[in-house]
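Tertiary structure, described
So you can see what is in the structure, the chains are spelled out below.
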Amino acid sequence: MPHKIGSRVVPPLHRPWDPDDSPDFHAARLLLLIHLCGQQPGSYIAGRTKFAKLDFFLRYPGFLERAHAAMPQVVPLGDAFLAQDSTEVEAPMVRYRYGPWDHRYRQFLAFLVSRELVTVTTSHKPERIKLKAAGRKAAERLARTPQFQPLVRRCEAMQGNLASMTGTQLKDLIYELFPDEVGNAPFRQEIQP
C-alpha cells in the first residue's frame, strides 16, 4: 500500500523500480538523443515536434524496426538490433495533437536546463534544444556505458534517415505507418507497441 512522505505519495517498497518514474533516466535518454541524433554544429534538435517524434522511435524499438522496413533507401537493422524485445517500452507516450507526446517534456527540459546540460533557444524558429559542454560530456560518458547500449544502437539506427527529417515529416511518417496505433487513437490514450 502506498504511503505519504510529506505531500508526496511513495509506492510500496516491494514494487519494482520503474524507469518511467525517474527524471534521471529520462534525462539520460534525452541527452543521448540530442548527442547522437542532433544536427551539427553543437548537437541540437530543431523543434519540439522533431524532438518528440525522435524520442518516440527511441522509446518504441518495434516502431523503429517497422519504420526502417518501410524506408527502402535505409540500411536494414542488424540481427543484434532485431534480437531485442521490440515490444518492450520503458517509458510510454500518449497520442496528442501532432502524434506521440509526453506531457512531462517541460519538466524534463527544465531538469536538463537547471543542471546546465542543455539550452532551449527560442530565438530560432523552430526553437533549438542544444547540448551545452557539460551535456555533451555527460552524453559521451553515457554512450560508453554498457547499460545504455540499446538506446545508443537505436539512436545510431536513426542517424542519416529519421534524424535528418523535419518534425512535420516525422509526424506524417508516423501517421502513415502507424494509423491504428497512433493516427486514429483517441487523444491522451497511451500508445501500445
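The paragraphs below set out a description of the structure included in this document. (Residues numbered from 1 in each chain as written. Predicted model: local features only at pLDDT ≥ 70, side-chain atom pairs only at ≥ 80, totals over all residues. Heavy atoms only, no water.)

**A word on the overall build of the protein chain**
For the protein chain, the count of helices and strands is 9 helices and 7 strands. Every one of the 193 residues in the protein chain was classed for burial, and the buried ones make up 47%. Across the protein chain, every contact between residues at least 6 apart in sequence was considered, and the portion connecting residues at least 24 apart equals 69%. For the protein chain, the accessible surface area stands at approximately 10400 Å², while carbon and sulfur atoms represent 54% of it. (Helix = DSSP H or I, 4+ residues; strand = E, 2+ residues; numbered from the N terminus. Buried < 20%, exposed > 50% of the residue type's maximum accessible area, 1.4 Å probe, protein only. Contact = heavy atoms within 4.5 Å. Areas by Shrake-Rupley, 256 points an atom, 1.4 Å probe, with all protein chains shown as cover.)

**Regarding empty space enclosed by the protein**
It is the rolling of a water-molecule-sized probe over the atoms that shows where space remains empty. If you walk through the whole model with that rule in mind, you get 1 cavity of 30 Å³ or more. When its volume is computed, the largest cavity comes out at roughly 30 Å³. Taken together, Phe 25, Arg 29, Leu 58, Arg 59, Glu 90, Ala 91 and Arg 154 make up the lining of the largest cavity. For the lining of the largest cavity, the secondary-structure elements that each account for two or more residues are helix H1 (23-37) and helix H2 (48-59). (1 Å grid on protein atoms, 1.4 Å probe; cavity = no way out; pocket = protein on both sides within 12 Å on 5 of 7 lines; lining within 4 Å. Points joined across faces, edges and corners; volume = space filled by probe spheres on them.)

**Quick notes on the pairing of strand E6 (residues 118-121)**
Consecutive side chains along a regular strand alternate between the two faces of the sheet. Where E6 and strand E7 (residues 128-131) come together, 4 bridges link them in antiparallel fashion. From the neighbouring strand, Thr 121 faces E7, where its bridge partner is Arg 128. Taking the residues that link successive antiparallel strands as the turn, the E6-E7 hairpin has 6 residues. (Pairing = 2+ DSSP bridges.)

**Structural notes on the sheet that holds E6**
With respect to topology, 3 strands assemble into an open sheet ordered E3-E7-E6, the strand pairing being antiparallel. Whereas interior strands pair on both sides, the edge strands pair on one side only; in this sheet they are strand E3 (44-46) and E6. Pairs of neighbouring strands in the sheet enclose a mean axial angle of 15°, with direction left out of account. One ladder, built from 3 bridges, connects E3 with E7; its direction is antiparallel. Note that in E7 the partner of Ile 45 across the bridge is Ile 129. Taken strand by strand, H1 contacts E3, E6 and E7, and its axis lies near 95° from that of E7. Together, E3, E6 and E7 form the strand contacts of H2, whose direction differs from that of E3 by roughly 115°. (Axes fitted to C-alpha atoms, helices over the stretch in contact; angles between N-to-C directions.)

**Here we look at unusual backbone geometry**
One non-glycine residue, Glu 116, lies in positive phi territory at about 60°. Summarising the element assignment, Glu 116 is placed in the loop between helix H5 (105-114) and E6. Phi is positive for Arg 188, close to 70°, though the residue is something other than glycine. The residue Arg 188 is located in the segment after helix H9 (179-183) in this model.

**Things to note about the pattern of salt bridges**
Taken as a whole, this structure holds 8 salt bridges when the rule is applied. Taking the shortest distance from any N to any O, the salt bridge between Asp 102 and Arg 59 comes out at 3.0 Å. One end of the pair, Asp 102, is in the loop between strand E5 (99-101) and H5; the other, Arg 59, is in helix H2, with 43 residues separating them in the sequence. Across this residue pair, the class does not change: Asp 102 and Arg 59 are buried. (Salt bridge = Lys/Arg side-chain N within 4 Å of Asp/Glu carboxyl O.)

Just geometry here; none of it tells us what the structure is for.
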